[in-house]
Amino acid sequence: MAAVETFYDVIRRQGVTRRSFTKFCSLTAASLGLGSTGAARIANALETNERTPVIWMHGLECTCCSESFIRSAHPLVKDVVLSMISLDYDDTIMAAAGHQAEAILEETKQKYKGKYILAVEGNPPLNEDGMFCIDGGRPFVEKLKWMAEDAMAVIAWGACASWGCVQAAKPNPTRATPIDKVIYDKPIIKVPGCPPIAEVMTGVVTYITTFGRLPELDRQGRPKMFYSQRIHDKCYRRPHFDAGQFVEQWDDESARKGHCLYKMGCKGPTTYNACSTVRWNGGVSFPIQSGHGCIGCSEEGFWDKGPFYERLTNIHQFGVEKTADEIGMAAAGAVGVAVAAHAAATAVKRIMSKDQDH
Amino acid sequence: MTQQSTSQDQAAPAAGAGVQTPNGFKLDNSGKRIVVDPVTRIEGHLRVEVNVDSDNVIRNAVSTGTMWRGIEVILKNRDPRDAWAFTERICGVCTGTHALTSVRAVEDALGITIPDNANSIRNIMQLTLQTHDHLVHFYHLHALDWVDVVSALSADPKETSALAQSISSWPLSSPGYFKDLQTRLKKFVESGQLGPFKNGYWGSKAYRLPPEANLMAVAHYLEALDFQKEIVKIHTIFGGKNPHPNWLVGGVPCAINIDGTGAVGAINIERLNLVKSIIDQTIEFIDKVYIPDVMAIGSFYKDWLYGGGLSGKSVLSYGDVPERANDYSDKSLLLPRGAIINGNLSEVHPVDHRDSHEIQEFVTHSWYKYGDETKGLHPWDGVTDPHFELGPNAKGTKTNIVELDESGKYSWIKAPRWRGHAMEVGPLARWVIGYAQGKPEFKEPVEKVLHDLGLPVSALFSTLGRTAARALEAQWAAYQERHFFEKLMANIKAGDLSTANVDKWEPQHWPKETKGVGFTEAPRGALAHWIKIKDGKIDNYQCVVPTTWNGSPRDPAGNIGAFEASLMDTPMVDPAQPLEILRTLHSFDPCLACSTHVMSEDGQEMTRVQVR
């Protein structure tokens with residue numbers, strides 16, 4: 001058997017020079033505050049370590065997160081799976097089944113104790129003793145907890161694992177429960193969205209395997225690099241909001257001109273995600289660009305925040321919505337007012353999102 | 001080890017020598033019971049238990065959906081215009097098709113018509129899904145049942161190249177290309193970290209391809225993985241993202257702007273050119289890679305013709321892809337509609353979703369409650385009331401099921417029936433119906449495949465037939481995408497830019513009480529949603545999905561569903577390596593993602609011992 005191919009081997013094979021590799025190690029060490037000896041330690045680790053094992057499990061879900069993951073363009077998911085991580089268990093794509101598949105879980109737990117990443121798509125239902133999601137004749141929640149015991153960290157893929165998503169919408173008949181409500185003693189990275197953007201998913205994975213640490217998270221457990229700005233902040237239709245140019249009904253002249261979808265119920269102003277920057281499917285578009293308002297799919301409980309086509313009324317009491325309406329009717333000329341109104345809305349939403357942060 | 005499963009476990013009256021089902025299968029559960037739970041390379045959660053006789057031939061099959069999410073319950077009292085988004089999340093794989101079904105149901109209930117452009121764009125999106133889903137299914141969920149990845153390491157790249165060039169003009173076929181790929185694969189395998197290929201059944205004698213064909217297939221597995229992400233960009237252009245693009249009651253959300261100013265995001269000539277380019281690439285990939293691969297791989301498995309199940313008896317299709325907007329008559333639907341029962345191909349019955357005697361769902365063997373469980377309910381009057389309870393002869397406990405009791409309730413899937421018949425749905429059903437109707441676009445490709453493989457028509461009713469029908473359908477769908485693209489362009493050229501009808505957008509234009517039905521052909525088969533609306537809110541919503549048809553448990557009369565039927569009488573090489581079960585189940589493209597355990601004959605799980 002040939003020697004184990006390390007991370008270093010892989011990147012050398014992909015054309016990274018020794019020089020760039022050393023530089024990368026120094027920068028990483030510096031960012032971690034480890035000084036020059038740290039760089040050598042990192043280099044040594046990357047030259048000798050195996051690829052990080054990833055165990056990907058599925059609870060109550062629709063598999064949209066897996067489907068999104070395989071859409072990644074940079075890096076290609078093929079390269080992630082063959083070169084960057086070792087996706088040793090994923091029931092959606094793995095060749096093995098039966099006890100051959102289960103043996104991988106056992107082996108990973110023992111051989112890579114504390115060193116593997118547990119990726120979870122979907123969530124466990126707790127009603128009916130967990131038997132709304134049966135895995136091997138047992139409640140899924142048991143298998144989930146068992147594999148989490150020895151994991152280094154848990155990635156909660158998508159809105160199901162992060163918040164509960166559609167099956168947890170009222171009245172949540174199965175008592176579908178987010179991952180952080182059943183696993184308490186491991187770092188949990190939430191990557192919300194229904195599904196998350198492919199490049200955000202591979203970005204999180206490659207960040208961890210490349211830098212050997214978890215990305216910085218916000219108070220809700222989401223990587224700040226992708227979730228610290230609202231879609232509205234970088235929306236390409238934003239100038240139309242500021243100018244008071246709104247779509248008033250589907251397929252009207254404003255819709256054809258690409259005006260703001262706020263009045264059609266767009267949740268971009270209250271949704272934290274990278275859709276308006278990274279965009280979808282290799283940067284081709286994102287929901288607002290293609291004419292439909294954002295439905296807020298990366299926000300907690302978005303299914304129960306009123307109909308999707310109702311404009312954001314939860315900011316009523318501050319008069320912002322009224323202001324936006326008036327601006328819309330007043331058409332151009334009132335740009336300054338619109339900007340001011342928008343600044344107010346931003347401040348309000350900041351306060352409101354703090355309330356949600358708890 | 002003692003043999004646990006005997007005929008007395010079967011509470012059915014005719015236990016002992018076996019039970020004859022009304023739909024023509026002889027069930028005998030006296031042999032060894034093999035449990036496969038969950039099954040990998042599918043979407044959702046599925047458990048299968050089979051009994052094999054002393055020759056390891058399957059003599060009884062029990063299929064069980066092991067997940068319930070309650071979306072129909074959650075939809076109650078919500079805005080009908082939002083329903084597409086909820087139901088779209090039923091499946092992120094056949095993404096969008098539930099949304100389309102939902103907007104059709106709501107439009108039917110509210111009497112909303114859609115513009116021609118919206119019909120063309122919806123069809124392009126639905127056909128895009130068909131091509132994408134079929135391609136990913138074949139290469140990433142099904143191929144490893146036929147292709148031995150490790151065997152590819154011993155291939156001669158020159159011979160692989162010769163093979164590839166003999167079956168297709170696809171350019172990635174030089175000896176150097178396959179050599180490089182083989183080197184990469186070798187390094188990967190030698191790393192000792194096999195990732196998703198770990199612990200596969202490599203080397204099993206059930207695999208029949210020579211190393212050269214295996215190497216070619218592995219190359220295309222990876223190429224298809226790269227390419228599939230391109231196909232879905234059509235959804236991104238019209239619906240903003242994939243998975244889960246956006247839809248709209250009354251049309252489509254993307255506006256068209258060909259000559260006006262502004263509108264970076266509206267559909268303009270750049271966006272249309274991108275759609276066209278993707279359609280062209282899709283056609284090329286399917287013509288030059290997918291179809292030749294299915295034929296090449298199929299030629300090595302010509303005698304593995306198990307798995308027909310219900311396909312030669314009772315098949316059902318609702319039809320889809322309306323040529324003309326708002327016309328859902330048989331004449332307008334390009335995918336055929338109809339039902340064939342008891343193998344009589346000379347008669348294709350009409351299907352009416354509104355007739356309460358046609359489609360009914362039963363829960364006698366499902367984990368739900370009805371007032372009278374001997375009767376079926378039409379979906380407009382459907383009830384979804386969960387009730388988990390194992391049958392009296394189940395082994396294990398409530399939260400540790402060792403063996404199910406199929407005489408009691410045993411699945412989270414209801415049992416839909418068409419006029420009392422269990423039906424198979426999906427690509428094979430659609431192509432059998434198109435074939436039976438004598439439609440040349442279905443009949444001719446089927447006859448060509450059979451001719452090229454030297455097989456009789458009866459070979460169509462098999463696992464292989466199901467896989468081949470899916471490939472033919474992907475090809476058909478890709479060319480239909482081009483047709484609807486051209487239609488859209490002609491319409492725009494003629495000055496019609498309309499994409500949505502908003503006349504009845506506001507609830508004040510809706511009747512106080514109304515109901516509707518929307519139907520499509522999802523990649524996996526016949527799909528319909530039934531909605532009742534009262535006072536502007538959803539009063540009842542029922543979805544009968546393809547895998548409900550195919551994966552249904554038994555009904556009160558004892559008819560078995562398509563999965564169960566397809567596994568019957570299949571010989572297994574080694575029940576500890578359930579390749580044959582996976583092969584046939586995967587040919588349906590089940591929509592129930594999960595993983596698998598196998599139990600030994602005494603009911604003790606082989607896996608559980610090692611795991612817990």
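Counting of residues starts from 1 at the beginning of each chain's written sequence and follows it residue by residue. Just so you know, chain letters begin at A and ligand numbers begin at 1, following the order they were written in. Whole-chain, interface and lining totals are the exception, using all residues; otherwise, since this is a predicted model, local features are given only for residues with pLDDT of at least 70 and side-chain atom pairs are given and counted only at 80 or more. The side-chain values count all of the structure's non-hydrogen atoms but skip hydrogen atoms and water molecules.

What to know about the sheet that holds strand S13 (residues 525-534) of chain B
Residue and element names in this part refer to chain B. Whether two strands pair comes down to DSSP finding at least two bridges between them. Put simply, DSSP marks the helices as runs of H or I at least four residues long and the strands as runs of E at least two long, and each gets a number from the N terminus on. Read from one edge to the other, the open sheet built from three strands follows the order S12-S13-S14, with strand pairing classed as antiparallel. If you trace the sheet from one side to the other, it starts and ends with strand S12 (513-522) and strand S14 (537-544), each paired once. If you compare each strand with its neighbour and ignore which way they point, the axes differ by 15° on average. The pairing of S12 with S13 spans 10 bridges and is antiparallel. Paired with Thr520 across the bridge in S13 is Leu527. Here the axes come from fitting lines to C-alpha atoms, over the contacting stretch only for helices, and the angles between their N-to-C directions go from 0 to 180 degrees.

Looking at the pattern of salt bridges
Salt bridges are defined as contacts in which a side-chain nitrogen from Lys or Arg sits within 4 Å of a carboxyl oxygen from Asp or Glu. In the structure shown here, the tally under the stated rule is 64 salt bridges over all chains. B:Lys398 is the salt-bridge partner of A:Glu128, the closest N and O atoms lying 2.7 Å from each other. Placement of A:Glu128 in the loop between strand S3 (116-121) and strand S4 (134-135) and of B:Lys398 in the loop between strand S9 (395-397) and strand S10 (400-403) is noted, with the two residues assigned to different chains. Residue classification places A:Glu128 among the partly exposed residues on the basis of a relative accessible area of 26%. Here the term buried applies to any residue with accessible area under 20% of the maximum for its type, exposed to any over 50%, and partly exposed to those in between, with areas from a 1.4 Å probe on protein chains only. Relative accessible area serves as the criterion here: at 32%, B:Lys398 is assigned to the partly exposed category. The closest approach of N and O atoms between A:Asp180 and A:Lys181, which form a salt bridge, is 3.8 Å. The structure contains a network of salt bridges with shared partners spanning B:Arg33, B:Arg47, B:Glu49, B:Lys395, B:Glu403 and B:Glu406.

Examining the packing of aromatic side chains
Between 30 and 60 degrees the pair is tilted, below 30 it is stacked and above 60 it is edge-to-face, where a pair is any two Phe, Tyr or Trp rings, Trp via its six-membered ring, whose centres lie within 6.5 Å. Across all of its chains, the model carries 41 aromatic pairs over all chains by this definition. Among the aromatic residues, those joined into a cluster by ring pairs are A:Phe132, B:Trp68, B:Trp367, B:Tyr368, B:Phe388 and B:Trp412. The ring of B:Trp505 has B:Arg81 lying over it, and the distance from NZ or CZ to the ring centre is 4.8 Å. Lysine and arginine charges are scored as sitting over a ring when NZ or CZ, respectively, is within 6 Å of the ring centre and within 35 degrees of the ring normal. Between the NZ or CZ atom of B:Lys515 and the centre of the ring of B:Trp380, over which it lies, the distance is 4.4 Å.

A few points about the pairing of S12(B)
The buried count for S12(B) comes to eight of 10 residues, which makes it a mostly enclosed element. Where S12(B) hands over to S13(B), the hairpin turn is made up of two residues, counted between the paired strands.

Some remarks on the state of the cysteines
Residues and elements named next belong to chain A. Pairs of cysteine sulfur atoms within 2.5 Å are what we label disulfides. On inspection of all chains with the given rule, the structure shows zero disulfides over all chains. With no disulfide partner, Cys160 has as its closest neighbouring cysteine sulfur the one in Cys165, 4.2 Å distant. Not part of a disulfide, Cys165 finds its nearest cysteine sulfur in Cys194, a span of 3.9 Å. A residue is classified by how much of its surface remains accessible, and Cys165, at 7% relative accessible area, is buried.

Focus on the UniProt feature "domain: NADH:ubiquinone oxidoreductase-like 20kDa subunit" (unreviewed entry) in chain A
Summarizing the sequence annotation, UniProt attributes the feature "domain: NADH:ubiquinone oxidoreductase-like 20kDa subunit" (unreviewed entry) to residues 62-207 of chain A in the numbering used throughout. For residues 62-207 of chain A, the helix share is 36%, the strand share is 18%, and the end-to-end C-alpha distance is 26 Å. UniProt positions are given in the numbering used here, feature names are shortened, and annotations may be inferred rather than shown by experiment.

Remarks on the side chain of A:Ser66
Inspection of the secondary structure puts A:Ser66 in helix H4 (residues 64-69). We call two residues in contact when some of their heavy atoms are within 4.5 Å. In this view, A:Ser66 contacts A:Trp56, A:His58, A:Thr92 and A:Glu121; residues no more than four positions away in its chain are not counted.

Points about the sheet that holds strand S1 (residues 52-58) of chain A
All names here are of chain A. Strand order in this open sheet of five strands is S2-S1-S3-S6-S7, and the pairing throughout is parallel. Sheet topology places strand S2 (85-90) and strand S7 (188-191) at the edges, where each strand pairs with a single neighbour. Adjacent strand axes in the sheet meet at a mean angle of 25°, parallel and antiparallel pairs treated alike. Looking at chain direction, S1 and S3 are connected through five bridges and run parallel. Within the sheet, the bridge partner assigned to Met57 lies in S3 and is Val120. On the sheet, helix H6 (residues 98-111) packs against S1, S2 and S3 and is oriented at approximately 130° with respect to S2. Along the sheet, helix H9 (residues 198-211) contacts S1, S2, S3, strand S6 (151-157) and S7; its crossing angle with S6, the most-contacted strand, is approximately 165°.

Overview of the side chain of A:Thr177
Residue and element names in this part refer to chain A. Here Thr177 is to be found in the loop between helix H8 (158-162) and S7. On the accessibility criterion, Thr177 (10% relative accessible area) is buried. Polar contacts here mean pairs of N or O atoms no more than 3.5 Å apart (in protein, one a potential hydrogen donor and the other a potential acceptor; neighbouring residues in sequence count only if both atoms are side-chain atoms). Among the polar contacts made by the side chain of Thr177, one reaches the main-chain carbonyl oxygen of Arg175 at a distance of 2.8 Å. Those residues in contact with Thr177 that sit more than four places away from it in its chain are Asn123, Pro124, Leu126 and Val182.

A closer look at the environment of B:Thr183
Residue and element names in this part refer to chain B. Relative to the assigned elements, Thr183 resides in helix H6 (residues 175-190). Taking relative accessible area as the criterion, Thr183 reaches 41% and is therefore assigned partly exposed. Once the C-alpha coordinates of Thr183 and Leu153 are considered, the two residues, 30 residues apart in sequence, prove to be 8.3 Å apart.

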